[in-house]
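# Observations on the three-dimensional arrangement
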Amino acid sequence: MDTDSRLAGLVVAVAGAAGPVGRAALIRLAGAGATVIAADADAERLAEAVDAARDAHPAATVIGDTVDLLDPAATRAWADRTEKEFGRIDGLVHLVGGWRGSATFAETDLADWELLEKLLIRTVQHTSLAFHDALLRAERGRYVLISAAGATSPTAGNAAYSAAKAAAEAWTLALADAFRRAGGEEGPRAAAAILVIKALVHDALRAERPNAKFAGHTDVTDLAEAIAGVWDRPAREVNGHRLWLTPEP
């Protein structure tokens, strides 16, 4: 795996780290020199993701912490524990995902909304509130949300998903405004940015669907590279911005 030092000395927390994109992000952040603190509610899958990052970069510090991000107290305790142990938090990458959809708008099941509201909105609220102060204290604090093009161009069968993503974006933009206000005339030092994709693809999915084209999909390794790149740009260039990894509608 590629190794560099672009994030050397930084402490980056990753929420929802157990899935394919989480694994790719842990590997890339560790390879860039960051100390990576990964959290997920699924302890077994989280351990597998952490082990993959450690195997790829044996010299890196990658730690897994089982956390219920739907519990605001547990999320805040995770943030406090991380800052106390490592002395700083330079980033929170929010990867908690989930999808539900329907064939038509009329067939939308509001039970899907109840699930997605928790996964895609509540966890953003909990992590952003828990990590806000620490990110402001950091020299290059970054909050990174992964969103979808459907948040700004919803389709009939994705009403619940698109609405939840749009709400998560709005919450993150409010966080960005808080960072802007805190920076005053000098501009923000911390930043909240939104990386926008159409959908994700990874090797296991390609193996499952060998004939699929995956047009417009973003590979998880490319998304991981874009996540690491948020720290390369000045805060004012990314704070409150949607950074598109797929053509903007």
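Residues numbered from 1 in each chain as written. Predicted model: local features only at pLDDT ≥ 70, side-chain atom pairs only at ≥ 80, totals over all residues. Heavy atoms only, no water.

### Topic: the sheet that holds strand 6 (residues 191-197)
Spatially, 3-2-1-4-5-6-9 is the arrangement adopted by the seven strands of the open sheet, whose pairing is parallel. A single partner strand is all that each edge strand has here, and the edge strands are strand 3 (62-66) and strand 9 (242-244). Strand-to-strand twist of the sheet, defined as the mean angle between neighbouring strand axes without regard to direction, takes the value 20°. With four bridges connecting them, strand 1 (residues 11-15) and strand 4 (residues 91-94) associate as parallel partners. Looking at strand 4, one finds that A13 is bridged to L92. (Pairing = 2+ DSSP bridges. Helix = DSSP H or I, 4+ residues; strand = E, 2+ residues; numbered from the N terminus. Axes fitted to C-alpha atoms, helices over the stretch in contact; angles between N-to-C directions.)

### Let's talk about the nonpolar core
Of all hydrophobic cores here, the largest spans 41 residues; its most connected members are V14, L26, L29, I227 and W231. At the level of elements, strand 1, helix 1 (20-31), strand 2 (35-40), helix 2 (43-56), strand 5 (142-148), strand 6, helix 7 (220-229) and helix 8 (235-238) are the ones that each hand at least two residues to this core. In terms of residue count, the dominant contributor to this core is helix 1 (seven residues). Discounting chain neighbours no more than four positions away, the residues touching W231 are L7, L10, V12, L29, D90, G91, V93, R140, R142 and V144. Grouped together as the second largest cluster of nonpolar side chains are 28 residues, I89, V96, A134 and L145 included. (Core = buried A, V, L, I, M, F, W, Y, C linked by side-chain atoms within 4.5 Å. Buried < 20%, exposed > 50% of the residue type's maximum accessible area, 1.4 Å probe, protein only. Contact = heavy atoms within 4.5 Å.)

### A word on helix 1
The terminal C-alpha atoms of helix 1, which comprises twelve residues, lie 17 Å apart, in line with the 16 Å expected from a rise of 1.5 Å per residue. Within helix 1, ten of the twelve residues are buried, which leaves it mostly tucked inside the rest of the structure. Buried within helix 1 are the following residues: V21, G22, A24, A25, L26, I27, R28, L29, A30 and G31. Residues of helix 1 that are buried sit in contact with strand 1, strand 2, helix 2, strand 3, strand 7 (200-201) and helix 7. Trailing helix 1 by a residue or two, G33 shows a phi angle of about 100°, which is positive. (Expected span 1.5 Å × (residues − 1).)

### Looking at the pairing of strand 6
The element strand 6 is largely enclosed, with a buried count of seven among its seven residues. Burial along strand 6 is two-sided: A191, A193, L195 and I197 facing one way and A192, I194 and V196 facing the other are all buried. Bridge count between strand 5 and strand 6: seven bridges; the pairing is parallel. If you follow V144 over to strand 6, its bridge partner there is A193. Assessed by its sense of winding, the connection that carries the chain from strand 5 through helix 5 (residues 159-183) to strand 6 is right-handed. (Right-handed = clockwise from strand over helix to strand, strands pointing away.)

### Regarding the layout of surface pockets
Considered as a void within the structure, the largest pocket measures approximately 1,100 Å³ in volume. Lining the largest pocket are 42 residues, with G97, G98, W99, Y161 and L200 sitting closest to its centre. Counting residues per element, the ones that place at least two in the lining of the largest pocket are helix 1, helix 4 (110-137), strand 5 and helix 5. Looking at side-chain class alone, the lining of the largest pocket contains 22 nonpolar, 15 polar and five charged residues. Here the second largest pocket defines a volume of roughly 420 Å³. Lining the second largest pocket are 21 residues, with R23, A24, I27, V220 and T221 positioned closest to its centre. Elements represented by at least two residues in the lining of the second largest pocket include exactly helix 1, helix 2, helix 6 (203-208) and helix 7. Looking at which element gives the most residues to the lining of the second largest pocket, the answer is helix 1, with six residues. Of the residues contributing to the lining of the second largest pocket, the split by class is eight nonpolar, five polar and eight charged. (1 Å grid on protein atoms, 1.4 Å probe; cavity = no way out; pocket = protein on both sides within 12 Å on 5 of 7 lines; lining within 4 Å. Points joined across faces, edges and corners; volume = space filled by probe spheres on them. Nonpolar A, V, L, I, M, F, W, Y, C, P; charged D, E, K, R; others polar.)

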